Amino acid sequence: MANNSQIGSSSQDPLGRSHSEIGLVVALAILISLISFLGNFLVVYVVYKDSRLRRLTNIFIQNLALTDIASASLVMPYWVISLYTGTWIFSERWCEIQGVIQATFGIASILTMGLIAFNRYFRVVKSEQLYSRLFPSKKMARVYCVIVWIASILLATPSLYGWGKMVYHPPYGVCTFNRKIEDISYVIILMSGVHNTTTAAIFYCYYKIYKTLKESRQNLNAHGTTSSERPRTDIRVLKTSFAVVCVFFILWGPVTVVVMMESAEYFVPREVSTAVFFLVFTTSLVNPIIYGVMNPQLRTAFKGALSFGRCGNQINPTGQP
């Protein structure tokens, strides 16, 4: 472990940071960690508390919240410590394990985003019969969530068996993939085969959803109909899911660019690398905020929970099955 005098002295900080810079980044990281944990815990709590909220899309949202809780509990504390010390004070083996844990949660997040997008795509674009076959019940929704976690673990663990390597990245403050040439194949496959493919699929789904809703509105207007036949709840859930995905990629976009630049051996300032990883962890913070603002049922449940009321008795039971 690092000597206490080294940890507390900015003149000996491994990254050459001042006391004020260290204090700022650590305070901000702690704030992100706490709000992420509490906000996502609230999502899980209200969905668990009231059975009427355990609908298909909300089950996927709850799974995403569980991923964020796990990240806030098992990854962010080490991130905070490393930002404070400016180095990794634990063992190299634990760095490998932490890198795998973080990768698992990151992959689970984007795959869950994809699951939400596919659910909305088949709900809005395809026939009701096809949707019912693919998403027949809440039990099946939970099975999909389990599959997401199994796939995430399988995709994140090859470094433990000799393919790829996890190393500490000082500007990020976390252990992550080694992007040197001898380990680059795993990074390329993970980024291209998982991240980019899932991203393309998500945007395709929402593009088709947008086109379908636009055509539906045009047909209704052409026939002089002022109200849509689609349930209002379905449209609200669509907007919520779409907003979550957009925010996710806005926050993850910069780190993707930085990773590509570093892999190509372009110089990236330390401050930029640190900032983009703050954006990555901020993803866990903003998800419950979006749900509370844009989803009327969850918003009502949040208000009930925060006012120590019985949130289950305050929720409108109408909505998507």
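Cut-off values and rules
- In this numbering scheme, every chain counts its residues from 1 along its sequence in written order.
- Reporting in this predicted model follows two pLDDT cut-offs: at least 70 for local features of residues, and 80 or more for side-chain atom pairs to be given and counted; totals over whole chains, interfaces and linings ignore these cut-offs and use all residues.
- Only heavy atoms go into the side-chain values, all of them from the structure, while hydrogens and water stay out.
- We count a stretch as a helix when DSSP gives it H or I for four or more residues in a row; a strand needs E for two or more, and each element gets its number in order from the N terminus.
- Think of it in three bands: residues with accessible area under 20% of the maximum for their type are buried, residues over 50% are exposed, and the middle band is partly exposed, with areas taken using a 1.4 Å probe on protein chains only.
- Should any heavy atoms of two residues lie within 4.5 Å, those residues are counted as being in contact.
- The protein chains shown are the only cover counted for residues, whose accessible areas, like all others here, come from Shrake-Rupley with a 1.4 Å probe.
- Here pLDDT means the predictor's own confidence in every residue, given as a number from 0 to 100.
- UniProt positions are given in the numbering used here, feature names are shortened, and annotations may be inferred rather than shown by experiment.
- Stacked, tilted and edge-to-face are the three classes applied to pairs of Phe, Tyr and Trp rings, where Trp contributes its six-membered ring and a pair requires centres within 6.5 Å; stacked means planes under 30 degrees apart, edge-to-face means over 60, and tilted covers the rest.
- Whether two strands pair depends on DSSP finding at least two bridges between them.
- Cysteine sulfur atoms are paired as a disulfide whenever they come within 2.5 Å of each other.
- Take a side-chain nitrogen of Lys or Arg and a carboxyl oxygen of Asp or Glu: if they are within 4 Å of each other, that pair is a salt bridge.
- Exposure above 30% relative accessible area and no salt bridge define the residues that can form patches, which grow by joining like charges within 9 Å and nonpolar side chains of Val, Leu, Ile, Met, Phe, Trp and Tyr within 5 Å.
- Polar contacts here mean pairs of N or O atoms no more than 3.5 Å apart (in protein, one a potential hydrogen donor and the other a potential acceptor; neighbouring residues in sequence count only if both atoms are side-chain atoms).
- Put simply, a nonpolar core is a bunch of buried Ala, Val, Leu, Ile, Met, Phe, Trp, Tyr and Cys residues held in one set by side-chain atoms that sit within 4.5 Å of each other.
- Convention adopted: a line fitted to C-alpha atoms gives each axis, helices being fitted over their contacting stretch, and angles between N-to-C directions are expressed from 0 to 180 degrees.
- A crossing counts as left-handed when the near helix is turned anticlockwise from the far one by less than a right angle, and as right-handed when that turn is clockwise.
- By the convention adopted, Pro, Cys, Tyr, Trp, Phe, Met, Ile, Leu, Val and Ala count as nonpolar, Lys, Arg, Asp and Glu as charged, and the other residues, Gly among them, as polar.

1. Focus: the overall build of the chain
Across its full length, the chain holds 11 helices and two strands. When burial is assessed residue by residue, the chain has 50% of its 321 residues classed as buried. In the chain, the share of contacts with a sequence separation of at least 24, taken over all contacts with a separation of at least 6, comes to 75%. When the accessible surface of the chain is summed, it comes to about 15,900 Å², and 65% of that surface belongs to carbon and sulfur atoms.

2. Considering the confidence of the model for the chain
Per-residue confidence for the chain averages 82 on the pLDDT scale, and 84% of its residues sit at or above 70. Within the chain, helix α1 (residues 4-8) has the poorest average pLDDT of any element, 44, and helix α4 (residues 76-85) the best, 95. Within the model, the stretch residues 1-9 combines pLDDT values under 50 with nine contacts to residues more than four positions away or in other chains. Between residues 309-321, whose pLDDT stays under 50, and residues either more than four places distant or in other chains, the model counts 42 contacts.

3. Re the UniProt feature "transmembrane region" (unreviewed entry) in the chain
The feature "transmembrane region" (unreviewed entry), as given by UniProt, occupies residues 22-48, 60-80, 100-122, 143-164, 184-207, 240-260 and 272-293 in the numbering adopted here. Along residues 143-164, the helical share is 64% and the strand share 0%, with 30 Å between the first and last C-alpha atoms. In this annotation, residues 184-207 is assigned 100% helix and 0% strand; the end-to-end C-alpha distance for the span is 32 Å.

4. So, the packing of aromatic side chains
The final tally for this structure, using the stated rule, is 18 aromatic pairs. A ring pair is formed by Phe 37 and Phe 41, whose centres lie 6.2 Å apart and whose planes are at 10°; its orientation type is stacked. Here Phe 37 pairs with Phe 41, and both are found in helix α2 (residues 19-49), just four residues apart, close to one helical turn. The interplanar angle of 80° and the centroid separation of 5.2 Å between the aromatic rings of Tyr 121 and Phe 122 together place this pair among those described as edge-to-face. Take Tyr 121: its relative accessible area is 8%, and that puts it in the buried class. Counting every residue linked through ring pairs, the aromatic cluster contains Tyr 78, Trp 88, Phe 90, Trp 94 and Tyr 168.

5. Notes on the pairing of strand β2 (residues 174-177)
Where strand β1 (residues 166-169) and β2 come together, four bridges link them in antiparallel fashion. Looking at β2, one finds that Val 167 is bridged to Thr 176.

6. Digging into the state of the cysteines
By the definition in use, this model includes one disulfide. Here Cys 95 connects covalently by a disulfide to Cys 175, the sulfurs 2.0 Å from one another. In this structure, the disulfide formed by Cys 95 and Cys 175 twists by about -120° around the S-S bond and is classed as left-handed. Separated by 80 residues along the polypeptide, Cys 95 in helix α5 (residues 92-124) and Cys 175 in strand β2 bring together distant segments of the chain. According to the relative accessible area criterion, Cys 95 is buried, its value standing at 4%.

7. Some details on the pattern of salt bridges
Evaluation of the coordinates by the stated rule reveals six salt bridges. Of the charged contacts, one joins Glu 128 and Arg 123 as a salt bridge, the two residues approaching to 3.6 Å between their closest N and O atoms. For Glu 128, a relative accessible area of 45% corresponds to the partly exposed category. Among the salt bridges present, the one from Arg 270 reaches Glu 271, with a minimum N-O distance of 3.2 Å.

8. Comments concerning a nonpolar patch on the surface
A surface patch of nonpolar side chains, amounting to about 380 Å² of accessible area, comprises Phe 37, Leu 38, Phe 41 and Tyr 45. Note that Leu 38 resides in helix α2. Its relative accessible area of 55% is what places Leu 38 among the exposed residues.

9. Quick look at the side chain of Thr 198
In this structure, Thr 198 sits in helix α8 (residues 184-222). A polar contact of 2.6 Å, which involves the side chain of Thr 198, links it to the backbone oxygen of Val 194. Residue contacts for Thr 198: discarding those within four places in its chain leaves Ile 110, Leu 111 and Gly 114.

10. Considerations on the nonpolar core
As a rule of thumb, soluble globular proteins bury nonpolar side chains together. Ranked by internal contacts, the top residues of the largest apolar core, which has 55 residues, are Val 46, Phe 60, Met 113, Phe 135, Phe 177, Ile 202 and Tyr 206. Put simply, the parts of the chain that give this core at least two residues each are α2, α3 (56-74), α5, α7 (138-156), α8, α9 (232-263) and α11 (296-306). Counting residues per element, this core draws most heavily on α5, at 13 residues. Sequence-distant contacts of Met 113, defined by excluding residues within four places in its chain, comprise Leu 64, Ile 202, Val 244, Val 245, Phe 248 and Asn 287.

11. With respect to the side chain of His 169
Tracing the backbone shows His 169 in strand β1. We classify His 169 as buried; its relative accessible area is 15%.

12. Re the packing of α2 against α3
The angle between the axes and the distance between the axes are what describe a pair of packed helices. It is at 8 Å that the axes of α2 and α3 come closest, and there the two elements cross at 150°. Once α2 is placed against α3, the crossing between them reads as left-handed. Judged by residue contacts, Ser 33, Ser 36, Phe 37, Asn 40, Phe 41, Val 43, Val 44, Val 47 and Tyr 48 of α2 engage Asn 58, Ile 61, Gln 62, Ala 65, Leu 66, Asp 68, Ile 69, Ala 72 and Ser 73 from α3. Along the lines of polarity and charge, the residues of the contact of α2 with α3 split into 11 nonpolar, six polar and one charged.

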